[in-house]
Amino acid sequence: MRHTPTLAGMVANHAAKKPDETAIICADTKLSWSDYHILSTRLAGVLLASDLSGGDTVAVLLPDGLALHVSLLALEKAGLVAMGIGPRAGRLEIEHLLRVSGSSALISFDMHMEMHTSKLVDDLRESGLPLNSHFCLAEGFDHFKLRLNDEPVVVPPATPELAATIATRSMSGSELYFLNSTSGTTGMPKCVAHTQQRWIEYHKLVMQSAPLTEADIFLSAIPGIFGFGLWTSRFTPTILGCATVILPKFSADALIRALARHRVTVMAAVSTQFIMMLNSPLRDELDLSSLRILYTGGEAVPYERAAEFESLTGAYVLQFYGSNETRALSV
């Protein structure tokens with residue numbers, strides 16, 4: 001049987017071959033491939049030491065950023081299925097997704113949309129949800145602090161012994177590894193099941209659309225737990241071994257500044273986002289000439305605005321068609 005590669009394996013390989021090169025950029029923080037590998041291994045150690053069993057589902061309620069990416073990789077290493085909850089989800093959506101996914105644990109920050117997550121977890125437990133574990137991360141990895149059910153947890157070092165344990169729990173690329181929520185435009189959001197093989201095959205389609213290399217710098221303006229965000233901030237950049245810029249909170253001006261500051265070459269955004277960028281006065285004040293490609297989709301793409309984007313930046317606008325449920329049908 002052909003071996004299907006995994007994100008954890010690819011990150012480990014990049015960490016060995018080019019440990020100091022940048023994997024993720026978020027605000028003023030850069031995470032190297034070595035940092036990415038080590039931090040996710042340490043968090044996987046915490047998960048492995050808990051009462052979770054291989055194949056259990058753990059909900060992730062985090063905004064885009066380093067914590068989200070490290071947590072998702074740690075869950076994979078620990079052999080756990082991640083349930084990605086959108087950063088704008090409200091109380092009813094969260095409860096619904098936890099219930100339908102059968103999540104037995106939650107990873108979050110202290111706060112989510114003005115809600116204290118510890119109080120939220122208490123309320124959800126009282127409603128009958130079997131949330132046995134709440135992993136609460138500090139906002140920022142300059143101090144890797146963590147609480148489990150409101151008690152401080154010592155995060156273990158990334159030892160060879162821990163790596164050996166992870167090797168016995170890590171998933172294959174053909175196993176269910178991720179559930180993501182749909183946008184819920186017609187009611188409560190649904191859960192969509194993903195294997196890594198699905199996105200690795202999609203990456204091959206992406207590579208037919210444009211000449212992408214490890215020298216590229218990606219920026220995905222899409223939340224990293226939705227399908228569009230999965231391949232533009234996790235799979236294609238990791239497969240290529242190139243850097244990814246993440247916006248912790250979207251705004252048109254923040255997007256423009258990040259594009260110019262980091263000399264981004266490949267951008268991903270829905271139409272609404274790049275049109276907001278075109279409508280910003282800042283578009284003419286900063287140098288966006290590094291940009292080669294804009295991947296867009298998820299909604300109708302106005303031809304005139306796409307042509308305006310190409311004229312402004314010199315980049316090609318490439319539209320894809322598909323959905324979380326159906327996968328990509330064309331690029």
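Residues numbered from 1 in each chain as written. Predicted model: local features only at pLDDT ≥ 70, side-chain atom pairs only at ≥ 80, totals over all residues. Heavy atoms only, no water.

1. Some thoughts on the pairing of strand E12 (residues 191-195)
- By the alternation rule, side chains of E12 split into Val192 and His194, which are all buried, and Cys191, Ala193 and Thr195, of which none is buried.
- The sheet contact formed by strand E11 (residues 176-181) and E12 spans five bridges and is antiparallel. Counterpart to Leu179 in the pairing with E12 is Ala193. (Buried < 20%, exposed > 50% of the residue type's maximum accessible area, 1.4 Å probe, protein only. Helix = DSSP H or I, 4+ residues; strand = E, 2+ residues; numbered from the N terminus. Pairing = 2+ DSSP bridges.)

2. Concerning the nonpolar core
- Grouped together as the largest cluster of nonpolar side chains are 82 residues, with contacts concentrated most on Tyr36, Leu47, Ile85, Leu137, Leu212 and Tyr295.
- Membership of the second largest hydrophobic core comes to 26 residues, among which are Ala258, Ala260, Leu278 and Leu291. (Core = buried A, V, L, I, M, F, W, Y, C linked by side-chain atoms within 4.5 Å.)

3. Observations regarding the packing of aromatic side chains
- Per the counting criterion, the structure on display carries nine aromatic pairs.
- Ring geometry for Tyr202 against Trp231: centres 5.0 Å apart, planes inclined by 85°, an arrangement best described as edge-to-face. Of the two residues, Tyr202 is situated in helix H7 (residues 196-209) and Trp231 in helix H8 (residues 227-240); the sequence distance between them amounts to 29 residues. Here Tyr202 matches Trp231 in class, with each residue buried.
- Ring pairing ties together the aromatic residues Tyr177, Phe178, Trp199, Tyr202, Phe228, Trp231, Phe235 and Tyr295, which thus form one cluster. (Phe/Tyr/Trp six-rings, centres within 6.5 Å; stacked < 30°, edge-to-face > 60°.)

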